[in-house]
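Residue-level structure breakdown
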Amino acid sequence: MPPTSIEDLLKTIFGLEVAKKRPSTKAVADVLDIPMASVTGMVKKLAADGLLEHVPYHGFELTATGRQLALRMLRRHRLIELFLMQTLGLGWDEVHADAEVMEHAVSDQLVERIYTYLGKPEFDPHGSPIPDSDGAVAVRSGVPVAQLAAGDEGIVSEVEDEDPEFLRYLSSLGIKIGSPLRVMAKDPYGGLVGLRVGKRSVSMGTEAAQRVRVARSNV
Ligand SMILES: [Zn+2]
C-alpha cells in the first residue's frame, strides 16, 4: 500500500464529516488502518498549514481551505472511477483501488477533459455525487437501508465503494444503483432485513444495510 498522503487524510476527515461522525485521531486511524501516532503527526502538519482546526474536546474539523482540497480529491477520484468503468468496462467493484492511486497522479487539465468526455456526469459508479470544479457538491441522497421500516420502498441511490468484496456481494443480490427496493421484514435488534429487489426476495445483514442508501419513494 502506498504511504498515506495528506490528501488521503483530508478525504477521510471529510468522509467522516459527511457521515456525521466526529473526526478524531482514533476515527481517522481506524478508517485508514494506520497507527494513531501517524495520524497525530499528520494532523499537526495539517493544522499548521491551516487545513484543519482543533475543536476542544471534539477532535478536529476541516477549515474552508481543507474542505476545498478534500473536495478536489473526491472530484478526481469519482471521475476516474467512472472513466475506468465507462471506457475500459471495469466493474463497480474494480475501480476504487486504481482511482485511489491515479487521483494523485493526473493533472487538473486531464481531470477536466475526462469530465467533458463523460458528458459532465453528476454521480460516480457507486452513486456518490461528483463535486464540481469549484468544490460545490450535491447533498447526499437517500438514507441507509438499516434506517428503513417494513413497507418502505425506494431506489438504491448510493453504496460504499471501498470494499470490492462487498460490492460483489451486492451484485450477487441483484443490487445496483437504480434498483427498486422494498423492505419486506425487519428483525428487531439489528438482525436480518428482508428485501424485495426487483422481483427477487433477498435478506441482508445489518452491517450491509448500513452501507446501502435508498432514496425513498413512499415518504
Ligand atoms: Zn472509490
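On a predicted model such as this, the values are computed, not experimentally measured, just so you know. (Residues numbered from 1 in each chain as written. Predicted model: local features only at pLDDT ≥ 70, side-chain atom pairs only at ≥ 80, totals over all residues. Heavy atoms only, no water.)

Observations regarding the pattern of salt bridges
This structure, assessed with the given rule, holds 16 salt bridges. Here Asp124 ties to Arg78 by a salt bridge, and the two come within 3.9 Å at their closest N and O atoms. With a gap of 46 residues between them, Asp124 in the loop between α6 (108–117) and β3 (143–144) and Arg78 in helix α4 (residues 64–88) connect regions that are remote in the sequence. On the accessibility criterion, Arg78 (15% relative accessible area) is buried. Of the charged contacts, one joins Glu165 and Arg168 as a salt bridge, the two residues approaching to 3.5 Å between their closest N and O atoms. Of this pair, Glu165 and Arg168 both sit in helix α7 (residues 164–172), three residues apart, which is roughly one turn of that helix. Overall, Glu165 belongs to the exposed group, its relative accessible area being 53%. Each of Glu160, Asp163, Glu207 and Arg211 takes part in one network of salt bridges that share partners. (Salt bridge = Lys/Arg side-chain N within 4 Å of Asp/Glu carboxyl O. Helix = DSSP H or I, 4+ residues; strand = E, 2+ residues; numbered from the N terminus. Buried < 20%, exposed > 50% of the residue type's maximum accessible area, 1.4 Å probe, protein only.)

Focus: the coordination of the zinc ion
Protein-derived ligands of the zinc ion are His77 (NE2), Glu81 (OE), His96 (ND1) and Asp161 (OD), with the metal-ligand distances lying across 1.8 to 2.1 Å. Coordination at the zinc ion is tetrahedral: its four donor atoms span angles of 96 to 128° at the metal. Motif for the zinc ion, donor spacing along one chain: H-x3-E-x14-H-x64-D. Of this pair, His77 sits in helix α4 while Asp161 is found in the loop between β4 (153–159) and α7, placing the two residues 84 residues apart along the sequence. Just as His77 is buried, Asp161 falls in that class too. (Donors = N, O, S within 2.8 Å, 3.2 Å for Na, K, Ca; no water. Tetrahedral: all angles 85-135°; square planar, octahedral: opposite > 155°, others 65-115°.)

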